[in-house]
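Coordinate inspection notes
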Amino acid sequence: MIKVAGHRLGTKEIESAALTVAEVAEAAAVPVIGDIGGRAVEAYVSLRPGLSPSREMEDKVTRVIETEIGRIARPGNVWIVADMPKTRSGKIMRRVIAAVSSFADAGDVTTLASPEIVDGIRQPVQSAAADRSRVRGDQEVRRRVAGSGAQDRQPAWPVLPCGGDDARPGRLMAEHARDAGHLGGGQHLLGGEDEPVD
């Protein structure tokens, strides 16, 4: 499940919609950081043999997903790749694809049938994402590209601050509970014994 603008979208539904395009052989949908700090969808598709990637094919897949599911499921990008990273049993490794879209380390790829596919996907996708961000002025992609100087140090899922200068998750929830009177003296939700809520 991917939560986009408050809506929960199933990756299988998005992938199934993409597979209704006759030219698409395989599809995978992954979450990425969205334009406004939430999540967005990116779709990866591989075409049937003999077909070449084109911008028209990307637009066709996008239109079909919008028609089948709705505009909320519209992928931020549709990437046409030669092949998907798969395990030896044929399962598409979505975490690897999500890491490529997030400009992060793909982690252990020794279980893949062809580990070299990851680099074959990473280079064109990340360079195209950087080019598209310059054209569109996409701040989130620029941030991901700028922080990708050392891809192996990037977390796959960044920790976003909950508010103010304090990046500890749960801080706002704890403050709200205290202000609403749900916590008595000495109780707090932040977990540390010596860590007061205020």
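Quick caveat: nothing in here was measured; it's all calculated off a predicted structure.

Spatially, β3-β4-β5 is the arrangement adopted by the 3 strands of the open sheet, whose pairing is mixed. In this open sheet, the two edge strands, each paired with only one partner strand, are β3 (24-33) and β5 (77-80). Strand-to-strand twist of the sheet, defined as the mean angle between neighbouring strand axes without regard to direction, takes the value 25°. Here β3 runs beside strand β4 (residues 39-47); their pairing, made up of 9 bridges, is antiparallel. Among the inter-strand pairings, Ala-27 is bridged to a residue of β4, identified as Val-45. Sheet contacts for helix α1 (residues 11-19): β3 and β4; angle to β3, the most-contacted strand, approximately 140°.

The next subject is α1. Considered for burial, the residues of α1 that qualify are Thr-11, Ile-14, Glu-15, Ala-17 and Ala-18. When α1 is viewed along its axis, its buried side chains cluster within an angular range of 160° and face the same direction. If you follow the buried residues of α1, they end up packed against β1 (2-4), β2 (7-9), β3, β4, α2 (55-68) and α3 (94-101).

With that settled, consider the pattern of salt bridges. Any two side chains of opposite charge can pair, on the condition that their charged atoms come close. In total, this model carries 8 salt bridges according to the counting rule given. In this structure, Arg-55 and Glu-58 form a salt bridge, with 2.6 Å as the shortest nitrogen-oxygen distance. Linking Arg-55 with Glu-58, this pair stays in helix α2, spanning 3 residues, or about one helical turn. Residue Arg-55 is classed as partly exposed on the basis of its relative accessible area of 47%. Between Glu-66 and Arg-71 there is a salt bridge, with its nearest N and O atoms 3.8 Å apart. What you see here is one network of salt bridges that share partners, running through Glu-26, Asp-83 and Lys-86.

Criteria and thresholds
- Residues numbered from 1 in each chain as written.
- Predicted model: local features only at pLDDT ≥ 70, side-chain atom pairs only at ≥ 80, totals over all residues.
- Heavy atoms only, no water.
- Pairing = 2+ DSSP bridges.
- Helix = DSSP H or I, 4+ residues; strand = E, 2+ residues; numbered from the N terminus.
- Axes fitted to C-alpha atoms, helices over the stretch in contact; angles between N-to-C directions.
- Contact = heavy atoms within 4.5 Å.
- Buried < 20%, exposed > 50% of the residue type's maximum accessible area, 1.4 Å probe, protein only.
- Arc of directions from axis to C-beta.
- Salt bridge = Lys/Arg side-chain N within 4 Å of Asp/Glu carboxyl O.

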